[in-house]
Amino acid sequence: MCWKIAAKRNQTVIWVKPLTNDCYMQKEPGTHPPMCKSDDDPDAVWGVPMETCISPYSSQIPRARGSGLAPWPARLTTPPPRLVDLGYSDEMFVKDTALWQRRVENYWNLLDQHIESDSVRNLMDMKANLGSFAAAVNNKEVWVMNVVPEDGPNTLKIIYDRGLIGTVLNWCESFSTYPRTYDLLHAWTVFSDVEKKDCSIVDLLIEMDRILRPKGFIILHDKRSIVELIKKYLGALHWESVATSESQLDSEQDEDDVVFLIQKKMWLTSESLKESE
């Protein structure tokens with residue numbers, strides 16, 4: 001695999017991956033693992049069987065200079081070279097980063113009076129796009145799981161290039177995680193997307209309830225009609241409305257968009273109450 005030992009101490013070894021394709025190209029025919037076929041897409045991550053092969057570096061990016069990424073934390077807000085793979089410009093990246101800085105500031109103005117100190121740590125951005133939501137909360141001592149929709153632009157590599165983590169998912173399916181993992185879920189137009197797919201909005205609400213801890217928060221950023229529909233299920237889910245922000249606060253929003261802040265209550269079934277007495 002052309003890895004080299006960078007450091008070794010006792011039973012601990014750190015390996016380093018090469019910066020260029022040179023070593024790969026010098027491998028003898030029949031060496032395993034082989035190089036992937038030329039038509040293999042290394043960025044295909046959803047519904048694709050795993051192949052035992054090595055993906056060479058793209059010829060579009062000169063790896064001899066390294067990854068081309070800015071050092072941390074500047075890489076959070078510096079356009080990465082692989083934007084060109086998606087047809088995005090540096091200007092689009094900078095504009096998106098600035099937009100989510102403003103939106104997150106609005107979100108936290110709504111949240112501040114409702115959250116206790118150190119109570120929000122594990123966040124999920126359910127439709128991460130370029131990862132600008134996660135970049136905007138970098139100063140808030142939180143970490144963010146960025147979820148990229150499987151049927152949209154494959155921006156996961158941009159999220160990784162920003163020094164963030166993430167995964168790909170179809171929200172018509174469940175998310176592989178333990179119950180009550182997250183303190184806050186950010187759902188930007190996620191329900192509108194699910195509605196277009198003819199998937200169940202109720203099923204998604206139940207899945208969100210499963211992975212959200214008691215007293216955790218949901219930032220729902222979607223069409224007014226979607227928000228009004230979800231309000232009908234708050235009582236059954238033991239969720240409560242906390243705050244609402246109109247679209248006039250964000251010039252980039254559609255006029256019909258609303259930011260709706262929800263908190264999951266701490267509650268017990270009547271049977272559980274009897275057992276605890």
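Before any of the text, the structure's been laid out above.
Description of the structure in this document. For clarity, every value in this text was computed on a predicted model and none was experimentally measured. (Residues numbered from 1 in each chain as written. Predicted model: local features only at pLDDT ≥ 70, side-chain atom pairs only at ≥ 80, totals over all residues. Heavy atoms only, no water.)

**Here we look at the overall build of the protein chain**
- When helices and strands are counted, the protein chain shows 9 helices and 9 strands.
- Based on the C-alpha atoms only, the size of the protein chain along its principal axes is roughly 70 × 50 × 40 Å.
- Taken as a whole, the protein chain presents about 16200 Å² of accessible surface, with 51% of it coming from carbon and sulfur.
- Counting 31 positive and 41 negative side-chain charges, the protein chain places the centres of these two groups 6 Å from one another. (Helix = DSSP H or I, 4+ residues; strand = E, 2+ residues; numbered from the N terminus. Areas by Shrake-Rupley, 256 points an atom, 1.4 Å probe, with all protein chains shown as cover. Lys, Arg positive; Asp, Glu negative; His and termini not counted. Charge placed at Lys NZ, Arg CZ, Asp CG, Glu CD.)

**Considerations on unusual backbone geometry**
- His32 connects to Pro33 through a cis peptide bond whose omega is -5°.
- Inspection of the secondary structure assignment puts Pro33 in the loop between helix H1 (22-25) and helix H2 (90-111).
- Following Trp72, the chain continues to Pro73 via a peptide bond in cis, the omega torsion being 5°.
- Along the polypeptide, Pro73 turns up in the loop between H1 and H2.
- Phi is positive for Glu141, which is not a glycine, with a value near 55°.
- Looking at the secondary structure, you find Glu141 in the loop between helix H3 (132-136) and strand E4 (143-149).
- For Glu141, a relative accessible area of 61% gives the class exposed. (Buried < 20%, exposed > 50% of the residue type's maximum accessible area, 1.4 Å probe, protein only.)

**Here's the deal with the state of the cysteines**
- One pass over the structure, following the stated rule, counts 3 disulfides.
- Sulfur-sulfur distance for the disulfide between Cys36 and Cys53 comes to 2.1 Å. The disulfide joining Cys36 to Cys53 has a torsion of about 90° about its S-S bond and is therefore right-handed. Here the residue Cys36 occupies a position in the loop between H1 and H2, and Cys53 occupies one in the loop between H1 and H2, the gap between them amounting to 17 residues.
- Look at Cys36 and you get buried, because its relative accessible area is 13%.
- The disulfide bridge from Cys172 ends at Cys199, spanning 1.9 Å between sulfur atoms. Sign of the S-S torsion, about 95° for the bond between Cys172 and Cys199, identifies this disulfide as right-handed. Here Cys172, found in the loop between strand E5 (165-169) and strand E6 (182-188), pairs with Cys199, found in the loop between helix H5 (190-196) and helix H6 (201-211); they are 27 residues apart in sequence, far enough to count as distant. (Disulfide = S-S within 2.5 Å.)

**A few points about the side chain of Ser119**
- Secondary-structure assignment places Ser119 in the loop between H2 and strand E3 (122-125).
- According to the relative accessible area criterion, Ser119 is buried, its value standing at 17%.
- Side-chain polar atoms of Ser119 contact the backbone oxygen of Glu116, separated by 2.7 Å.
- Once you skip the residues sitting within four places of it in the chain, Ser119 turns out to touch Asp183 and Arg213. (Polar contact = N/O pair within 3.5 Å; in protein donor to acceptor, adjacent residues only side chain to side chain. Contact = heavy atoms within 4.5 Å.)

**Some points on the environment of Asp161**
- Relative to the assigned elements, Asp161 resides in helix H4 (residues 156-161).
- Separated by 116 residues in the primary sequence, Asp161 and Val45 have C-alpha atoms spaced 16 Å apart.
- Apart from residues no more than four positions distant in its own chain, Asp161 is found in contact with Leu69, Arg75, Pro80 and Arg82.
- Looking at Asp161, its side chain comes within polar contact range of the side chain of Arg82, at 3.0 Å.

**Re the packing of aromatic side chains**
- Tallied over the entire structure, the rule returns 6 aromatic pairs.
- Where Trp100 meets Tyr107, the ring centres are 6.5 Å apart and the plane angle is 55°; that geometry is what we call tilted.
- Ring centres 6.3 Å apart and planes at 50° place the aromatic pair Tyr107 and Phe133 in the tilted group. Taken as a pair, Tyr107 in helix H2 and Phe133 in helix H3 lie far apart in primary sequence, 26 residues in all. Note on accessibility: Tyr107 and Phe133 belong to one class, buried. (Phe/Tyr/Trp six-rings, centres within 6.5 Å; stacked < 30°, edge-to-face > 60°.)

**A few points about a nonpolar patch on the surface**
- A contiguous nonpolar patch, built from Met1, Trp3, Ile5, Val13 and Trp15 and spanning about 510 Å² of accessible area, is present on the exposed surface.
- By secondary structure assignment, the location of Trp15 is in strand E2 (residues 12-16). (Patch = residues over 30% accessible without salt bridge, like charges linked within 9 Å, V, L, I, M, F, W, Y side chains within 5 Å. Salt bridge = Lys/Arg side-chain N within 4 Å of Asp/Glu carboxyl O.)

Such coordinate-based values are descriptive only and should not be taken to indicate function.
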